[in-house]
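Residue-level listing of the chains:
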Amino acid sequence: MKAVLFYAPGDIRYEETARPTAGPGEVLVEIKAALTCGTDLKTYRRGHPLLMKKTPALFGHELAGVIAELGPGVERFSVGQRVVAANSAPCGRCFYCRRGHLSMCEEIEFLNGAYAEFIAIPARIVEKNLLPIPEGVSFRQAALTEPLACTVHGIERSNILLGDIVCVIGQGPIGLMLTRLAKLRGARVIAVDLNPFRLEKARRFGADELVDAAIADPVEAVRGLTPGGRGADVAIEAVGLPDTWEQAIAMTRPAGLVNLFGGCKSGTHIQIDTRRIHYDELHIIGVFHHTPRHVRAALSLISSGQIDADGLITHEVGLERLEQALQLVASGDALKVAVIP
Ligand SMILES: [Zn+2]
Ligand SMILES: [Zn+2]
């Protein structure tokens, strides 16, 4: 089969590689659409110590397709069925899984290799996170399920009440989904970004106020949009930089919630005035990844049209042009690119 393989940072190659087969409990999927993701861009530029242990390696993790082959023992699915797979599944047995904290699973199984013609879905993901695509949902729309599931998780944990003022910093694909979901939760949303194209998108995803961080100081601007300048009820950071983490904290009112959703580079630090946590009773949380329940909720939001998946997919290219697609994402001119094998 054809696939794009990661050799080293900045070195990915479109070439022929062995087509996988479906082992016991596994399902072979013929990929019909994969989506680019910020994580893939990071992998392309810097490599990925966890996912790219051996090279060359397959990568990409947002995918939808058609079942081409069933491994021994698979009964719930059939050849020819349209399906979407999440990129992981928790074990259900470890300390964290038993406490219901599935995103912290110690034995979580990840799946990579969406930039290829075929992919073998591991048994555990078949069992827990492989879903039939509802009628009327296209492959590329369905492929948005995984990143959307992360944002569903993020919004559920953000404790948003009807009428709250929620600020979302960063309006890339993840920020835009957070903006839309916060609207669905009944919030008034302030969207912050530096890029006029993304701010315009934020408006279309339901943002009530736009703050252009290239022109205005986001903390002052957001406070200025709240009664008495007290600050946002909830601030969600979807950039993944220590500076914007500090901004999110600084713009939140006493007893408000700060969701530091964007993952920063390991080893980086932020500074917080201790007063904000004790005397201001600030609630600061981080939210990582998704669980099988969030994956199902995400697909249902796509199929009911509550999330405009196509509005996030700005380009479509053939698999052989993946490198250009990643560069397009890096340039800021694209949100998500659908990659078609
Ligand atoms: Zn992703
Ligand atoms: Zn576990």
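Before reading on, note that the structure itself is shown above.
This is a predicted model, so every value here is computed, not measured.

Take the coordination of the zinc ion (ligand 1) next. Distances from the zinc ion (ligand 1) to its protein donors, Cys37 (SG), His61 (NE2) and Glu62 (OE), fall within 2.1 to 2.4 Å. On the primary sequence, the residues serving as donors to the zinc ion (ligand 1) are separated as C-x23-H-E. Of this pair, Cys37 sits in the loop between β3 (27-35) and α1 (38-46) while His61 sits in the loop between β4 (57-58) and β5 (63-70), and the two are 24 residues apart along the sequence. As far as the burial class goes, Cys37 and His61 line up, both buried.

A separate point is helix α5 (residues 145-156). The end-to-end C-alpha distance of α5, which contains 12 residues, comes to 16 Å, matching closely the 16 Å that a straight helix rising 1.5 Å per residue would cover. Of all 12 residues in α5, 11 are buried; the element is thus mostly enclosed. Turning to α5, its buried residues are Thr145, Glu146, Pro147, Leu148, Ala149, Cys150, Thr151, Val152, His153, Gly154 and Ile155.

This part takes up the packing of α1 against helix α13 (residues 322-331). Where α1 meets α13, the axes come as close as 10 Å, and the angle between the chain directions of the two elements is 105°. As far as their axial angle goes, α13 and α1 are roughly perpendicular. Judged by residue contacts, Asp40, Leu41, Tyr44 and Arg45 of α1 engage Glu323, Leu326, Gln327, Val329 and Ala330 from α13.

Bringing the sheet that holds strand β11 (residues 165-169) into the picture now. A sheet is described by the order of its strands in space; here six strands give the open sequence β13-β12-β11-β14-β15-β16, paired in parallel fashion. Each edge of the sheet is formed by a strand with only one pairing partner; in this case those strands are β13 (209-212) and β16 (283-285). On average, each strand axis in the sheet is tilted by 15° relative to the strand beside it, whichever way the strands run. Pairing geometry for strand β12 (residues 188-193) and β13, over four bridges, is parallel. Counted as the bridge partner of Val192 is Val211 from β13. The sheet strands contacting helix α6 (residues 173-184) are β11, β12 and β14 (232-237), and the helix crosses β11 at an angle near 170°.

Moving on, we get to the packing of aromatic side chains. On inspection of all chains with the given rule, the structure shows three aromatic pairs. Ring geometry for Phe95 versus Tyr96: centroids 4.9 Å apart, planes at 90°, classification edge-to-face. The partly exposed category is assigned to Phe95, whose relative accessible area is 46%. With a relative accessible area of 33%, Tyr96 lands in the partly exposed category. Through pairs of rings, three or more aromatic residues link up here, namely Phe6, Phe59 and Tyr115.

Cut-offs used in this document
- Residues numbered from 1 in each chain as written.
- Chains lettered and ligands numbered in written order.
- Predicted model: local features only at pLDDT ≥ 70, side-chain atom pairs only at ≥ 80, totals over all residues.
- Heavy atoms only, no water.
- Donors = N, O, S within 2.8 Å, 3.2 Å for Na, K, Ca; no water.
- Helix = DSSP H or I, 4+ residues; strand = E, 2+ residues; numbered from the N terminus.
- Buried < 20%, exposed > 50% of the residue type's maximum accessible area, 1.4 Å probe, protein only.
- Expected span 1.5 Å × (residues − 1).
- Axes fitted to C-alpha atoms, helices over the stretch in contact; angles between N-to-C directions.
- Parallel < 35°, antiparallel > 145°, perpendicular 65-115°, else oblique.
- Contact = heavy atoms within 4.5 Å.
- Pairing = 2+ DSSP bridges.
- Phe/Tyr/Trp six-rings, centres within 6.5 Å; stacked < 30°, edge-to-face > 60°.

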